[in-house]
Each structure stands twice: as C-alpha cells, then as structure tokens.
Amino acid sequence: MPDIRRFDVRAPSRTYPVVVGPGALDELPALLRETGVRGRLWLVADAAVERRYAPRLIEALREAGYLVELQTVPGGEESKSLAQAAALYDWLLAGRVERGDALLALGGGVVGDLGGFVAATILRGIAFVPLPTTLLAQVDASIGGKVAVNHPRGKNLIGAFHQPRLVVADTATLASLPPRERAAGWAEVIKAGMILDAELFALLEREVEALLRLAPAPTAAAIGRAMALKAAVVSEDEQESGRRAILNYGHTVGHGIEAATRYARYLHGEAVAVGMVAAASIAVELGLLAPEAAERQNALLTRFGLPIQVPEADAGAVRAAMTLDKKAVAGRLTWILPTAIGRVTICRDVPEVVVDRALARVLGPG
Ligand SMILES: NC(=O)c1ccc[n+]([C@@H]2O[C@H](COP(=O)([O-])OP(=O)(O)OC[C@H]3O[C@@H](n4cnc5c(N)ncnc54)[C@H](O)[C@@H]3O)[C@@H](O)[C@H]2O)c1
C-alpha cells in the first residue's frame, strides 16, 4: 500500500494513529488489533455509504475474528439528534454492549459526530473509531475529539470531547462523493494551507487537476497533510482555549452566511470559502496581506469549484447573524486574518467600516 500514510495524534488525553490513503479500510482489522481493540465492533453507517462499503468491510472484520453488529442511520444533518442517539443506545444496550467494545462510524461528519457522541456516553465511554467517507469528515470532523448532536435551539449544543482510538480515512471512498460535497471539503484543505502551510498550498496549486480526479498519491499527500495540521493544532489546544481558534479562518463570515440562510442554501465549506475571501480582503485593506496573496487564494478556491461571492446572501442579515454568533466575545468579533500564505494572526478590533466593505465585496446588497 505505497500511498497510505500514517501519523500519530498526540492529544493530552490519548495518543492515537491516523491512517489515510486509498484502500486504507483494508487495513482496518490489523489496525484494530494493533490498537488493542478486542471486543465486539458496533458499526454505525450512513445509509448511503453502507451499501457501497460496509459489506466488504464487515466480511474482512469477521474473517479476522471480530464480532460485528451493524446499524444504519439515514444520511443528513437531521440524524444528529438526541432521538437518533437514543435509538443507538437502545440497539447497543439490547445487544449487551460492554466497556471493551468499540463503536465504528462509517460515513461523513454527521455519522461521525453522532456515533462519537454515543461512544462517549454509553457506559461512560467506549472506544470510538471514525471511518470518515467525506472529504470534510476526513480533514476536519474526524480529528480533534469533538462529538455532538444538535438541539432544536442550535447545532452541536449537546456534546463531549472524546478522542478516537484510531482514525482510518480511505480516500478511495471519496470517488462516490457528490462533486459539490467534494469541493466543500477542498475548502477545508485550502484553509489548512492558508493558515499554516505554504507548502501544502503550493501542492494544491500544482496538483489541482490530479486532485480533482482523486489521483491516489497527491490525494493521500494533500489530505494526510491537512489532517496532520489539524491534529497538530488540536494537540496543543485540546479544549479549545487559544490556538485552536486559527482553525476558524473564514468562519466569522462563513457562519454568518450559513445562519442568515438557515443552513439550507450553502454547504459549510462553500460558506467558509466566501468567508476566507472576505477575511483576506480585510487583511489586504488593513495592510497585513499582499494583494497578490489574496488573489492566489481566491484563484485556488475557484479552481476547486468553490464560490468566492454569494450575491444571493443579504449583507445585512449576514452581519446580524455574525454578531449573534456564540464565538463573538462581549459582542466583539474575532477575526483570523492571513498575513501571508501559510500564516495568520488573530484580530479583535477590525473597524466596522472595513468589515462592511469586505461584506459588500462578497455578498449581495439585500
Ligand atoms: N466534530 C467536528 O470537529 C466537526 C468538524 C466539522 C464538521 N462537523 C460536522 O460534520 C457534519 C458535516 O459533515 P459532512 O459534510 O461529512 O456531511 P454528511 O455526513 O451529511 O455527508 C454529506 C453527504 O454525503 C453522503 N456521503 C457520505 N460519504 C459518502 C461517500 N463516500 N459517497 C457518497 N455519498 C457519501 C452522506 O450520505 C450525506 O448525504 C456537520 O454536522 C458538522 O457539524 C464536525
């Protein structure tokens, strides 16, 4: 398996391996043994993904001597609910789950967050192994140990920090992912390059055509690198107090766009892409970033099929939603602003007129 990469995440509460690349799921039985998982395996799978990838996986696990139980969950954000969690608790308890068992989550961030939350809470916590099958889940949701379900009052309001035992990201599964979901995932990879890694950014620029067709070697390299960057940041800051905030590059405006359009119109990665454009434009106006660097970012987003403007979103509504965001401290917005490709700074005093001008560049007049 020449294109498979592996690295360790050193979180304060646990160190665990991440294995990424085409065909990585074939390694799962050996990896589970290696990481000390010996009990029963409770596989929670996104219904859309289960048909494609679960039968072969279950067969290989059973051949390796594991007892495997399977439960499917409907795809979509609505599944990140207490009701779905309760259904999984019923399934686990009826089957007599034990502390030495492991819960495996095969699917995107929805199944990962839901499965992780159930793993964190059943019997006060059992081993959790995300098997992410969307690009977003591979580079973002599966790393860092944040697990949650939604509440009618808001997203991710009920959750925990529960580090995985192991993460296995098979990049071959991305072949069946709809193009829009794939592009939204690339936004997170471009973000990782912009905030921390000029080399990753240059790799994305150089290999864009190969990455768009998921050529195995550059895909494993780019995704592995983005995962490792997120892992490095969250290892330093597991409970999200300081440095982890840089991962929110593009999120100040991005969250505003998502909230103002009721999370229905744009995918998270699309909103973050536009948010990155707005943040870079602020940085240029404040003299922190060279205009050419902002242009390189925006050109790369476009090449990966991402929007850099959303004229359908109303600037006033986005502005209002930004101020209500839970990450605003005492009403003041936190901005992650790039100072070069691969470098950002945290800024809490961007003048309102500068923000308004940036919003006017990426949003509609309302
Ligand atoms: N825990 C974290 O740190 C963290 C970070 C970022 C996002 N999230 C969460 O992740 C969720 C979004 O994740 P997502 O974008 O993966 O969405 P998702 O899980 O809803 O998956 C997107 C769609 O793709 C389908 N799908 C998944 N894998 C597929 C494949 N290989 N082939 C074909 N179709 C496939 C799913 O059925 C779904 O319809 C949100 O709930 C968000 O809050 C969590």
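Anything mentioned here points back to the structure above.
What follows is about the sheet that holds strand β4 (residues 68-73). Two modes of strand pairing occur in sheets, parallel and antiparallel, and in both the strands are linked by backbone hydrogen bonds. Spatial strand order, β4-β3-β5-β6: 4 strands in an open sheet with parallel pairing. Each edge of the open sheet is held by one strand with a lone partner, namely β4 and β6 (127-132). On average, adjacent strands in this sheet sit at an angle of 20° to one another, irrespective of strand direction. Here 6 bridges tie strand β3 (residues 41-46) to β4, and the two strands are oriented parallel to one another. Opposite V44, over in β4, you have Q71 as the bridge partner. Contacts from helix α2 (residues 47-63) reach β3, β4, β5 (102-107) and β6 within the one sheet, and its direction differs from that of β3 by about 155°.

Inspection of the region around the ligand gives 25 residues, with E77, G109, T133, T134 and S176 positioned closest. Contact distances for the ligand include 2.7 Å between an oxygen atom and a side-chain N or O atom of E77. The side chain of D113 places a nitrogen or oxygen atom 2.9 Å from a nitrogen atom of the ligand. Looking at the shell around the ligand, the elements with two or more residues in it are α2, α4 (109-121), α5 (135-141) and β8 (154-161). Residue contributions to the shell around the ligand peak at 4 residues, all from α2. Of the residues that constitute the shell around the ligand, the class distribution is 8 nonpolar, 7 polar and 10 charged.

Here we come to the side chain of T134. Among the secondary structure elements, T134 is positioned in the loop between β6 and α5. Those residues in contact with T134, other than ones at most four positions away along the chain, are G107, G108, G109, L174 and L177.

Scanning the model with the defined rule gives 2 aromatic pairs in all. Taking the centre distance of 5.1 Å and the plane angle of 40° together, the rings of W186 and F304 count as tilted. Placement of W186 in helix α6 (residues 179-196) and of F304 in the loop between α12 (291-303) and β10 (310-314) is noted, with a sequence separation of 118 residues between them. Overall, W186 belongs to the buried group, its relative accessible area being 1%. Residue F304 is classed as buried on the basis of its relative accessible area, which comes to 3%.

All right, on to the packing of helix α11 (residues 268-285) against helix α14 (residues 352-362) then. When two helices pack together, their arrangement is given by the angle between their axes and by how far apart the axes lie. Contact pair α11 / α14: the axes reach a minimum separation of 9 Å and the direction vectors enclose 135°. Judged by the inter-axis angle, α11 sits oblique to α14. Our pair here, α11 against α14, has a crossing hand that is right-handed. Counting all contacts with α11, which are made through V274, V277, A278, S281, I282 and E285, the residues of α14 involved are V354, V355, R357, A358, R361 and V362.

Basis of the calculations
- Residues numbered from 1 in each chain as written.
- Predicted model: local features only at pLDDT ≥ 70, side-chain atom pairs only at ≥ 80, totals over all residues.
- Heavy atoms only, no water.
- Pairing = 2+ DSSP bridges.
- Helix = DSSP H or I, 4+ residues; strand = E, 2+ residues; numbered from the N terminus.
- Axes fitted to C-alpha atoms, helices over the stretch in contact; angles between N-to-C directions.
- Contact = heavy atoms within 4.5 Å.
- Near = heavy atom within 4 Å.
- Polar contact = N/O pair within 3.5 Å; in protein donor to acceptor, adjacent residues only side chain to side chain.
- Nonpolar A, V, L, I, M, F, W, Y, C, P; charged D, E, K, R; others polar.
- Phe/Tyr/Trp six-rings, centres within 6.5 Å; stacked < 30°, edge-to-face > 60°.
- Buried < 20%, exposed > 50% of the residue type's maximum accessible area, 1.4 Å probe, protein only.
- Parallel < 35°, antiparallel > 145°, perpendicular 65-115°, else oblique.
- Left-handed = near helix turned anticlockwise from the far one by under 90°.

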